[in-house]
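# Secondary and tertiary structure notes
Here's the letter readout for the chains.
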Amino acid sequence: MSLPSNTGPQRVTPSAEHEVGEQATRAARVSALGRAADASSPVDMFLAATGGWFGIVEALAPAMVFLVTYVFTLDVWPAVAAAVVLAAVFIGLRLLRRQSVASALGGLVAVVLSGILALRSGQGTDFFLIGFWTNTAYLLAFVISMLVRWPLIGVVVGLITGQGMTWRKHRREFWLMQLITAVWCGLFALRLAVQLPMYLAGNTQGLGIARMLMGPPLFGVIAVFTVLFVRGVYRPQVGGSSE
């Protein structure tokens, strides 16, 4: 039996478009900004964005253990082993607490990849190499989104609030979304500007400390600022025009 040929252009059905939109909305609402947006106080926003105190420890501890072990042994093998074991322990802790292991599993994968890079070169600084790639990728994505006039923070905010992309129709809201997206660009650029010279200088201790301080703690602060900023943007618009 022969199948009918279909050489014409494929069109996305409205139901498929709706499903994609629903998935994007769900992803935005469970993102760090989405979780922070549901909180009331700045402290609660910070903890929601960073995964709570347990999430902060889970994100920082493997790098901290790697750094301490490396400083005392000057050998990447025990330092990598200690970091990997600790990352695996966090998976077990989440299982015991009957929590999702997705973040812990992602952390383990990141630690393993970081460890492989450090072991291949024998340099402790290479344990933090992946961070440069991710920050560069985020920086490029955010900058490009601004250049094409679809600032990513505005897209996420539109999905979280259910207002869609209506902010693009209003000059004031559009440029404010460009501004807050630029703040996130500044975060990624600052990380690279501070940490890259340390990497090039082979300063493992300084790089490790900078990576931890500019990781979840600084990310959480920017997330809180973003939520408060967006609330300030929309509050004056209630019952009025944003033109």
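Residues numbered from 1 in each chain as written. Predicted model: local features only at pLDDT ≥ 70, side-chain atom pairs only at ≥ 80, totals over all residues. Heavy atoms only, no water.

Looking only at helices and strands, the protein chain features eleven helices and zero strands. Listed N to C, the secondary structure of the protein chain is α-α-α-α-α-α-α-α-α-α-α in terms of helices and strands. Relative to its 243 residues, the protein chain shows a buried fraction of 40%. Put simply, the protein chain shows about 13,700 Å² of open surface, and 69% of that area lies on carbon and sulfur atoms. (Helix = DSSP H or I, 4+ residues; strand = E, 2+ residues; numbered from the N terminus. Buried < 20%, exposed > 50% of the residue type's maximum accessible area, 1.4 Å probe, protein only. Areas by Shrake-Rupley, 256 points an atom, 1.4 Å probe, with all protein chains shown as cover.)

Right, let's get into the pattern of salt bridges. Counted according to the given criterion, the structure contains one salt bridge. Among the salt bridges present, the one from Arg-94 reaches Glu-58, with a minimum N-O distance of 2.8 Å. Of the two residues, Arg-94 is situated in helix H5 (residues 76-96) and Glu-58 in helix H4 (residues 52-73); the sequence distance between them amounts to 36 residues. With respect to burial, Arg-94 and Glu-58 carry one shared label: buried. (Salt bridge = Lys/Arg side-chain N within 4 Å of Asp/Glu carboxyl O.)

A few words on a nonpolar patch on the surface. On the surface, a nonpolar cluster with roughly 580 Å² of combined accessible area is contributed by Leu-140, Val-143, Ile-144, Leu-147, Val-148 and Trp-150. Topologically, Leu-147 is positioned in helix H7 (residues 129-147). (Patch = residues over 30% accessible without salt bridge, like charges linked within 9 Å, V, L, I, M, F, W, Y side chains within 5 Å.)

Note that Gln-178 resides in helix H9 (residues 171-200). Note on Gln-178: relative accessible area 7%, which makes it buried. On a C-alpha basis, the gap between Gln-178 and Met-146 in space is 6.2 Å, while along the polypeptide they are 32 residues apart. Those residues in contact with Gln-178 that lie beyond four places of it in its chain are Met-146, Arg-149 and Pro-151. (Contact = heavy atoms within 4.5 Å.)

Tracing the sequence through the fold places Leu-105 in helix H6 (residues 102-121). Taking C-alpha positions, Leu-105 is 7.9 Å from Ala-88, a pair spaced 17 residues apart along the chain.

The description of an aromatic ring pair rests on the distance of the ring centres and on the angle between the ring planes. A full pass over the atoms with the stated rule returns 13 aromatic pairs. Every member of this aromatic cluster is reached through a ring pair, and the members are Tyr-138, Phe-142, Trp-184, Phe-188 and Phe-219. Above the face of the Phe-54 ring, Arg-97 is positioned so that its terminal group lies 4.3 Å from the ring centre. Here the guanidinium or amino end of Arg-168 rests over the ring plane of Trp-150, the centre of that ring lying 3.8 Å away. (Phe/Tyr/Trp six-rings, centres within 6.5 Å; stacked < 30°, edge-to-face > 60°. Lys NZ or Arg CZ within 6 Å of the ring centre and 35° of its normal.)

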